[in-house]
Amino acid sequence: MEHIIYTGEKPVKEIFEVFSETMEELFQEDSKVVYIDADLMASMRTKDLWEKYPENVFNTGIQEANMVGVAGGMNLVGLKPYIHSFAPFAVRRCFDQIYVTVGYARKSVRIIGSEPGICATDNGGTHMTFEDMALMRTIPDSCVIDISDAGMFCQLLKKTKDRKGVTYFRTPRRGLPDIYAQETVFEIGKGKILREGEDAAVIASGIMVSSALQAAQVLQEMSIKVSVIDPVTVKPLDTQLIERVARKTKAIVTVENHSITGGLGSTVAETVSETYPVPVARIGVNDTFGQVGNEAYLREQYSLTVEEIVNRVKMIVKCKMNM
């Protein structure tokens with residue numbers, strides 16, 4: 001079980017701070033690393049990098065499909081591109097280019113989709129991507145990472161520098177609490193056990209990991225002991241860990257800031273159906289579009305709350321006992 005430091009307090013560093021610092025470290029380590037942005041450097045606080053490393057940082061303007069093509073071409077000549085836009089534009093708007101120019105062509109590009117799902121808040125439904133993990137999972141040999149804290153983001157940005165194929169990071173830009181101790185080591189395809197319990201397992205990704213930990217504490221006070229799992233990578237999923245917690249708890253609740261179709265809940269359900277079938281309840285966006293609102297309002301609207309996790313766990317534990 002991992003040593004976690006979650007308190008719910010403001011993080012030591014925001015995601016945009018960690019991103020800029022990490023990219024600078026990568027530039028200094030490897031001259032072949034390049035960063036491309038779709039005119040959103042102000043949002044990720046990377047304008048200083050553009051001025052400081054003009055041979056490594058590029059702005060394609062608001063044309064994400066072209067940005068993907070540029071990244072594929074750069075990789076063709078030996079460079080190692082990281083590209084960024086808001087998640088709906090980094091994925092939904094240019095999925096064909098990602099699939100063909102990068103995936104099918106066997107190029108290696110790391111894509112950062114910021115403000116996924118309800119993190120888009122007041123930008124509204126057009127900016128709210130509930131389908132990005134589902135899309136990116138379909139690309140052969142892709143890696144899909146739903147970032148749950150800044151330390152994870154920093155480490156995996158570095159560890160995927162030389163990874164082959166499409167690597168997708170989905171992350172908010174700010175407000176993500178610290179979950180893990182500084183010494184935590186992350187690996188592609190290896191999940192983390194944040195809490196042990198035998199009554200049920202809550203598997204949560206991204207911004208919902210902290211909510212799962214809060215729910216586990218509430219359930220503990222009700223004498224319901226749950227395991228809390230962060231998959232780290234939604235693809236490749238740590239199937240051995242998922243099967244192990246399924247065998248231990250006999251009941252699973254998944255929680256994601258994404259559609260329940262094609263994301264974390266889907267891949268967990270697919271895994272247990274083929275390894276050790278148990279009841280799986282999926283919490284996420286259920287077949288609907290996004291809307292304008294602050295994060296608290298949107299969490300209520302889409303049932304992405306601590307209370308919903310508690311209720312679903314209670315329901316599935318009861319279901320398990322009646323089987």
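On a predicted model such as this, the values are computed, not experimentally measured, just so you know.

Scoring rules and cut-offs
- Residues numbered from 1 in each chain as written.
- Predicted model: local features only at pLDDT ≥ 70, side-chain atom pairs only at ≥ 80, totals over all residues.
- Heavy atoms only, no water.
- Helix = DSSP H or I, 4+ residues; strand = E, 2+ residues; numbered from the N terminus.
- Buried < 20%, exposed > 50% of the residue type's maximum accessible area, 1.4 Å probe, protein only.
- Areas by Shrake-Rupley, 256 points an atom, 1.4 Å probe, with all protein chains shown as cover.
- Axes fitted to C-alpha atoms, helices over the stretch in contact; angles between N-to-C directions.
- Parallel < 35°, antiparallel > 145°, perpendicular 65-115°, else oblique.
- Left-handed = near helix turned anticlockwise from the far one by under 90°.
- Contact = heavy atoms within 4.5 Å.
- Nonpolar A, V, L, I, M, F, W, Y, C, P; charged D, E, K, R; others polar.
- Pairing = 2+ DSSP bridges.
- Polar contact = N/O pair within 3.5 Å; in protein donor to acceptor, adjacent residues only side chain to side chain.
- Disulfide = S-S within 2.5 Å.
- Core = buried A, V, L, I, M, F, W, Y, C linked by side-chain atoms within 4.5 Å.
- Phe/Tyr/Trp six-rings, centres within 6.5 Å; stacked < 30°, edge-to-face > 60°.
- Lys NZ or Arg CZ within 6 Å of the ring centre and 35° of its normal.

Draft legend 1. Local environment of the overall build of the protein chain. When you go through the protein chain residue by residue, the secondary structure sums to 13 helices and 12 strands. Across its three principal directions, the C-alpha atoms of the protein chain cover 60 × 40 × 40 Å. Within the span of the protein chain, comprising 323 residues, buried residues form 59% of the whole. Of the roughly 13,400 Å² of accessible surface on the protein chain, a fraction of 50% belongs to carbon and sulfur atoms.

Draft legend 2. Structural view of the packing of helix 9 (residues 208–220) against helix 13 (residues 306–321). At a minimum axis separation of 9 Å, helix 9 and helix 13 run at an interaxial angle of 55°. Classed by the angle they form, the pair helix 9 and helix 13 counts as oblique. As helix 9 packs across helix 13, the resulting crossing turns out to be right-handed. Facing Ser 211, Ala 212, Gln 214, Ala 215, Val 218 and Leu 219 of helix 9, the residues of helix 13 in contact are Val 306, Ile 309, Val 310, Val 313 and Lys 314. Broken down by class, the residue content of the contact of helix 9 with helix 13 amounts to 8 nonpolar, 2 polar and 1 charged.

Draft legend 3. Representation of the sheet that holds strand 12 (residues 280–285). One open sheet accounts for 5 strands, arranged 7-9-8-11-12; its pairing is mixed. Each edge of the open sheet carries a strand with a single partner, namely strand 7 (192–195) and strand 12. Neighbour-to-neighbour, the strand axes of the sheet open up by a mean angle of 25°, direction not taken into account. Where strand 7 and strand 9 (residues 226–230) come together, 3 bridges link them in antiparallel fashion. In the strand pairing of strand 9, Ile 193 is matched with Ile 229.

Draft legend 4. Molecular detail of helix 8 (residues 150–159). Among the residues of helix 8, Ala 150, Met 152, Phe 153, Gln 155, Leu 156 and Leu 157 are the ones counted as buried. Here the buried face of helix 8 lies against helix 1 (15–29), strand 3 (80–86), strand 4 (109–114), strand 5 (143–146), strand 6 (166–171) and strand 9. Sitting at the head of helix 8, Asp 149 places a side-chain oxygen 3.3 Å from the backbone nitrogen of Gly 151.

Draft legend 5. Looking closely at the environment of Arg 45. Inspection of the secondary structure assignment puts Arg 45 in the loop between helix 2 (41–44) and helix 3 (47–52). According to the relative accessible area criterion, Arg 45 is partly exposed, its value standing at 40%. Expressed as a C-alpha distance, the spacing of Arg 45 and Phe 19, which sit 26 residues apart in the sequence, is 8.6 Å. When near neighbours in sequence (up to four residues on either side) are disregarded, Arg 45 contacts Phe 16, Ser 20 and Arg 174. A distance of 3.5 Å separates a polar side-chain atom of Arg 45 from the backbone oxygen of Ser 43.

Draft legend 6. Up close: the sheet that holds strand 6. Ordered by their spatial adjacency, 7 strands build an open sheet running 2-1-3-4-6-5-10, and the pairing between neighbours is mixed. Of all strands in the sheet, those with a lone pairing partner are strand 2 (57–59) and strand 10 (233–235), marking the two edges. Mean inter-strand twist for the sheet, computed between neighbouring axes without regard to direction, equals 20°. Sheet strands touched by helix 4 (residues 64–76): strand 1 (33–37), strand 2, strand 3 and strand 4. Its angle to strand 3, the strand with the most contacts, is close to 170°.

Draft legend 7. Examining the state of the cysteines more closely. Tallied over the entire structure, the rule returns 0 disulfides. You can see Cys 94 has no disulfide; the closest cysteine sulfur is in Cys 143, sitting 18 Å from it. No disulfide involves Cys 143; its sulfur sits 16 Å from that of Cys 154, the nearest cysteine. Residue class for Cys 143 comes out buried when judged on its relative accessible area of 0%.

Draft legend 8. Spatial organisation of the nonpolar core. Met 23, Val 226 and Val 313 are the most contacted members of the largest nonpolar core, which has 63 residues in total. Among the nonpolar cores identified, the runner-up in size contains 38 residues, and Ile 111, Met 133, Ile 193 and Ile 203 belong to it.

Draft legend 9. Summary view of the packing of aromatic side chains. Under the definition given, this model contains 7 aromatic pairs. Where Tyr 180 meets Phe 186, the ring centres are 4.9 Å apart and the plane angle is 90°; that geometry is what we call edge-to-face. Both residues of the pair, Tyr 180 and Phe 186, count as buried. If you follow Arg 45 out to its NZ or CZ, it ends over the ring of Phe 16, 4.3 Å from the centre.

All quantities given are derived from atomic positions and should not be read as evidence of function.
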